[in-house]
Amino acid sequence: MGTDAGKNDMSDEMGNPRERRLVVLLGEAELTPELREALESFPGDVRFADSPGQISEDPGAEDLVLTTLDPTLLSQLARLASPSPGAPGDRQVRVRSPNPTAPNRLYEEAREYVDETLASIREGSDPDVDRGRPIAERMHTDLLRDNGLINRSLQPHESYDLASHCVNVAVIGGRISLGMVADVQETIDVIHAGLLHDIGMARLPLEMLRNQGTWSEREREALRQHPVYGAEILESCAPRCEWLKRAVLQEHERTRGQGYPYGMLERDMDPIAKILGVADVFEALSHPRTYRSPFTALEALERVVGMQEEYFAPQVVSALVNEISAFPLDSYVQISSGEIGRVVATDPSNILRPKLELVWDADWKRIEEPDTLDLAARPDLTVARALRDAELPIN
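(A) Region of the structure containing the packing of aromatic side chains. The full count for this structure, using the stated rule, is one aromatic pair. Ring centres of Y332 and W360 lie 5.9 Å apart, and the angle between their planes is 50 degrees; on these two criteria the pair is classed as tilted. Taken together, the residues span a long stretch of sequence, with Y332 in strand β5 (residues 332–335) and W360 in strand β7 (residues 355–360) at a distance of 28 residues. According to the relative accessible area criterion, Y332 is buried, its value standing at 16%. Residue W360 is classed as buried on the basis of its relative accessible area of 2%. Geometry around Y107 places R152 over its ring, the cationic atom sitting 4.1 Å from the centre.

Spelled out as structure tokens, the structure:
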């Protein structure tokens, strides 16, 4: 099995086409023994590349390109080991996953921090609250630069993945804060509090949190105490962070006293808690739970907007709608005519009709000179569906 990562020429020294080969873009993936065994079963040359630039822009017709390594691809690799001669579907297989960009790496670092924080609490140790501050600062910088973290926060995760939920709330809360024109430190505070807003859940039994059925009233009452548990944890490990304790304690309070644990009114609530409350509900609606499937970003936004009069501060909800949009900037959508485009502009007054840069045509072939399409000016076209990174063509 060859491993010349630096060679990307698709012909030999005489200009003849090479034998059929498999090109694997490793990126930051780990080549496990299981995956290596599967790759070794491929009847041809296998090459590795560390970046997309090492893969030829014009691969040979018989080349197979994998840009992600995941256990779900093992069955594909087994099929590729004995392809049917001349079958069109076997000539070029391209599987795309999110690129290992800086926002994704930062997201995973934040997720690891939250995971380790929750684990330390379950073990009876005090978490390192200060370690989250520089992560929050870098997330703030990233949110100012582009929509990478926002798009990552809207990607699917398991129905019970508390660490991902906390990072998503931090990202969404940070973006809401930016939309409310908060200063730098206030926005970093929101992100930092978002990372830690559910640490009290670590005191609840895991089997209860993962329960696929209906909770008993006793379990519901225990759940309503997790903000109190979170504040108690912070009192022990960060006694001088009063602002953080307030945010964690009040995040589930609602404007007319319907929330918990104390039934506070909006006028008495902490500003950061108001932002995190909206971010928390939007995140929960747009991701699966043990008892339901996720709503689309648009459906989640509509539901939050419908709650603003009774449950949330209107200015916070307005910032959510303006900053997140039904189709976030730099996300991809497929329109009713079949083409795929990247969202380049949105209008808060017309959130269903963003402006797109068309990247692939209806046959999923890359458009050489991408066109700009303003759906607001094309009533005959609509967004058919939003696309995740893993669903995009790679060509």
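After that view, the rundown keeps rolling.
(B) View of helix α10 (residues 226–237). Under the 1.5 Å per step criterion, the end-to-end length of α10 is 17 Å for 12 residues, consistent within 8% with the ideal 16 Å. Of all the residues in α10, the buried ones are H226, P227, V228, G230, A231, I233 and L234.

(C) Examining the pairing of β5 more closely. Burial along β5 is two-sided: Y332 and Q334 facing one way and V333 and I335 facing the other are all buried. Here β5 runs beside strand β6 (residues 340–345); their pairing, made up of three bridges, is antiparallel. Residue V333 lies in a different strand from β6, and its bridge partner there is G341. In textbook terms, the turn of a hairpin is the stretch between consecutive antiparallel strands, and for β5 and β6 this stretch comprises four residues, one of which, G338, has a positive phi near 105 degrees. The sheet contact formed by β5 and strand β9 (residues 383–387) spans four bridges and is antiparallel. Bridging across to β9, Q334 finds its partner in R385.

(D) Quick peek at the pattern of salt bridges. On inspection of all chains with the given rule, the structure shows 18 salt bridges. Close ionic contact of D115 with R111 constitutes a salt bridge, the shortest N to O distance being 3.4 Å. With D115 and R111 both in helix α3 (residues 102–122), this residue pair falls four residues apart, about one helical turn. With a closest N to O distance of 3.8 Å, K274 and E266 form a salt bridge. K274 gets classed as buried once you look at its relative accessible area, which sits at 18%.

(E) Inspection of helix α4 (residues 132–145) at higher detail. Between the first and last C-alpha of α4 there are 20 Å, a value that for 14 residues agrees with the 20 Å anticipated at 1.5 Å per step. The complete set of buried residues in α4 reads G132, R133, I135, A136, M139, H140, D142 and L143.

(F) Broad picture of the sheet that holds β9. Read from one edge of the open sheet, five strands run β8-β7-β6-β5-β9, paired in antiparallel fashion. In the strand order of this sheet, the two ends are held by β8 (366–374) and β9, each with one partner. Across this sheet, the average inter-strand angle for adjacent strands is 35 degrees, counted without regard to direction.

(G) Inspection of the packing of helix α7 (residues 184–196) against helix α11 (residues 242–250) at higher detail. Direction vectors running N to C along α7 and α11 enclose 55 degrees, while the axes themselves pass 10 Å from each other. The angle between the axes of α7 and α11 places the two elements in the oblique class. As α7 packs across α11, the resulting crossing turns out to be right-handed. Listed contacts from α11 to D189, H192, A193 and L196 of α7 are W243, L244, A247 and V248. Across the contact of α7 with α11, the residue classes tally to six nonpolar, one polar and one charged.

Rules behind the numbers
- Residues numbered from 1 in each chain as written.
- Predicted model: local features only at pLDDT ≥ 70, side-chain atom pairs only at ≥ 80, totals over all residues.
- Heavy atoms only, no water.
- Phe/Tyr/Trp six-rings, centres within 6.5 Å; stacked < 30°, edge-to-face > 60°.
- Helix = DSSP H or I, 4+ residues; strand = E, 2+ residues; numbered from the N terminus.
- Buried < 20%, exposed > 50% of the residue type's maximum accessible area, 1.4 Å probe, protein only.
- Lys NZ or Arg CZ within 6 Å of the ring centre and 35° of its normal.
- Expected span 1.5 Å × (residues − 1).
- Pairing = 2+ DSSP bridges.
- Salt bridge = Lys/Arg side-chain N within 4 Å of Asp/Glu carboxyl O.
- Axes fitted to C-alpha atoms, helices over the stretch in contact; angles between N-to-C directions.
- Parallel < 35°, antiparallel > 145°, perpendicular 65-115°, else oblique.
- Left-handed = near helix turned anticlockwise from the far one by under 90°.
- Contact = heavy atoms within 4.5 Å.
- Nonpolar A, V, L, I, M, F, W, Y, C, P; charged D, E, K, R; others polar.

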